[in-house]
Amino acid sequence: MLPKSAKAMTYSKSSENNLNETETLPLEERMKRKIAEIDMISAQLPAVVIIHNIQQGFSVEYMSERGAELLGFTVEDIRNLGEEYHTKFFNPEDAPDYIAKAKMLLEQNSSDYIISLFQQVRGSEQHPWKWYLTTVKILMWDDEGKPLLTIGLAFPIDPLHHVTSKVSRLLEENNFLRLNYSRFSKLSGREQEILRYIALGKSAAECADELCISATTVETHRRNIKKKLNTSSFFELTQYARAFDLI
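Predicted model, so just to flag it, every value in this text is computed and none were measured.

What counts and how
Residues numbered from 1 in each chain as written. Predicted model: local features only at pLDDT ≥ 70, side-chain atom pairs only at ≥ 80, totals over all residues. Heavy atoms only, no water. Buried < 20%, exposed > 50% of the residue type's maximum accessible area, 1.4 Å probe, protein only. Helix = DSSP H or I, 4+ residues; strand = E, 2+ residues; numbered from the N terminus. Pairing = 2+ DSSP bridges. Core = buried A, V, L, I, M, F, W, Y, C linked by side-chain atoms within 4.5 Å. Contact = heavy atoms within 4.5 Å. Axes fitted to C-alpha atoms, helices over the stretch in contact; angles between N-to-C directions. Parallel < 35°, antiparallel > 145°, perpendicular 65-115°, else oblique. Polar contact = N/O pair within 3.5 Å; in protein donor to acceptor, adjacent residues only side chain to side chain. Left-handed = near helix turned anticlockwise from the far one by under 90°. Nonpolar A, V, L, I, M, F, W, Y, C, P; charged D, E, K, R; others polar.

A.B. asks: Run through the pairing of strand 3 (residues 115-121), naming residues and quoting values.
C.D. replies: The element strand 3 is largely enclosed, with a buried count of 5 among its 7 residues. Inspection of the sheet shows strand 3 paired to strand 4 (residues 130-141) by 7 bridges, in the antiparallel sense. Its bridge partner lying in strand 4, Q120 is registered against W131.

A.B. asks: A description of the nonpolar core should follow, citing residues and the corresponding values.
C.D. replies: The biggest cluster of nonpolar side chains holds 22 residues, and the ones touching the most others in it are I50, M63, L71, I78, Y85 and F89. Contributing elements (two or more residues each) for this core: strand 1 (48-53), strand 2 (59-63), helix 3 (65-71), helix 4 (75-80), helix 5 (84-89), helix 6 (95-108), strand 3 and strand 4. What Y85 contacts, discounting residues up to four positions off in sequence, is I50, H52, V60, M63, L71, I78 and F90. F176, A204, A208 and L246 belong to the second-largest nonpolar core, a separate cluster that totals 21 residues.

A.B. asks: Mind laying out the packing of helix 8 (residues 189-199) against helix 10 (residues 215-229), listing which residues take part and the relevant values?
C.D. replies: Interaxial distance between helix 8 and helix 10 falls to 9 Å at its minimum, and their mutual angle equals 95 degrees. Taken as axis vectors, helix 8 and helix 10 run roughly perpendicular relative to one another. On helix 10, the residues touching R190, E191, I194, L195 and I198 of helix 8 are V218, H221, R222, N224, I225, K228 and L229.

A.B. asks: Residue-level account of unusual backbone geometry, with values.
C.D. replies: The phi dihedral of N230 falls on the positive side, at around 55 degrees, and the residue is not glycine. Positionally, N230 belongs in the loop between helix 10 and helix 11 (234-243). Here D245, not a glycine, exhibits a phi torsion of approximately 60 degrees, which is positive. Tracing the backbone shows D245 in the segment after helix 11. Of the residues examined, D245 reaches a relative accessible area of 67% and is grouped as exposed.

A.B. asks: So, helix 11: which residues are in play, and what are the values?
C.D. replies: L237, T238, Y240, A241 and A243 are the residues of helix 11 that are buried. Its side-chain oxygen placed 3.3 Å from the backbone nitrogen of F235, S233 serves as the N-cap of helix 11.

A.B. asks: Residue-level account of the environment of H52, with values.
C.D. replies: On the secondary structure map, H52 appears in strand 1. With relative accessibility at 15%, the residue H52 sits in the buried group. Discounting chain neighbours no more than four positions away, the residues touching H52 are F58, S59, V60, E61, Y85, H86, L148, L149 and T150.

A.B. asks: So what's going on with the packing of helix 9 (residues 204-211) against helix 10? Residues and values would help.
C.D. replies: Helix-helix packing: each pair is described by the crossing angle between the helix axes and the interaxial distance. With their axes 8 Å apart at the nearest point, helix 9 and helix 10 run at an angle of 110 degrees to one another. In this view, helix 9 runs roughly perpendicular relative to helix 10, as classed from their interaxial angle. Along this stretch, helix 9 crosses helix 10, giving a crossing that reads as right-handed. Taken together, the residues of helix 10 that come into contact with helix 9 (itself represented by A204, C207 and A208) are A215, V218, E219 and R222. Within the contact of helix 9 with helix 10, the residues separate by chemical class into 5 nonpolar, no polar and 2 charged.

A.B. asks: Residues and numbers for the sheet that holds strand 3, please.
C.D. replies: Taken in spatial order, the 5 strands make up an open sheet running 2-1-5-4-3, and their pairing is antiparallel. Each end of this open sheet is capped by a strand with a single partner; those strands are strand 2 and strand 3. Mean inter-strand twist for the sheet, computed between neighbouring axes without regard to direction, equals 35 degrees. In this fold helix 2 (residues 27-42) packs onto strand 1, strand 2, strand 4 and strand 5 (147-156), with an angle of close to 140 degrees to the strand it touches most, strand 4. Set on the sheet, helix 6 makes contact with strand 3, strand 4 and strand 5; between it and strand 3 the angle comes to about 150 degrees.

Here you go:
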């Protein structure tokens, strides 16, 4: 029998040889091996595993069987969709958020940098949207050090859990904010104050007392606010106040 020190040296030498062998393999072969490593454990993970090829328009390079079953497609079908995958299964309202985060991931270009995002997913238009929390990091780089593959773990959010409704409301507000920022930015500081009072249900007279201005001035501000935001709906005015943290 070999002494422990000899065993350790043998193991270390073997690992070094395997590493050197892997480094000399063509990039395509190294990519296949990396994906095979993930595939070996994916069924044991409590999440859907997705590997995207960054240099092929973020097309799906790999998806665990659990994910393919949830979407109602084979892994091969999903791979063949190419960039269409992103528009076929995901709510387009969420796209600006995860596109911005994906851009940040690539800019950081670090094995330690991780992004997290909420996504609404469905297999077809006949199915309801389901919420997932997805974490993503860079998995592999090409020979020039450019990001090649990302790996994501998508965890389903229990629809009966109270967090789901909170997340849904938060994302709805975020979408509203993004879509209406240009309109809201037209409001002056005083108009934002008046909008806050409107959302709180204050009358023109009450606003006037609070701000030490005339009720006529308040009414003028109200008209201008509705014109700039292109709405006279109390509900929509309240949405603006909530989304932009006025209440």
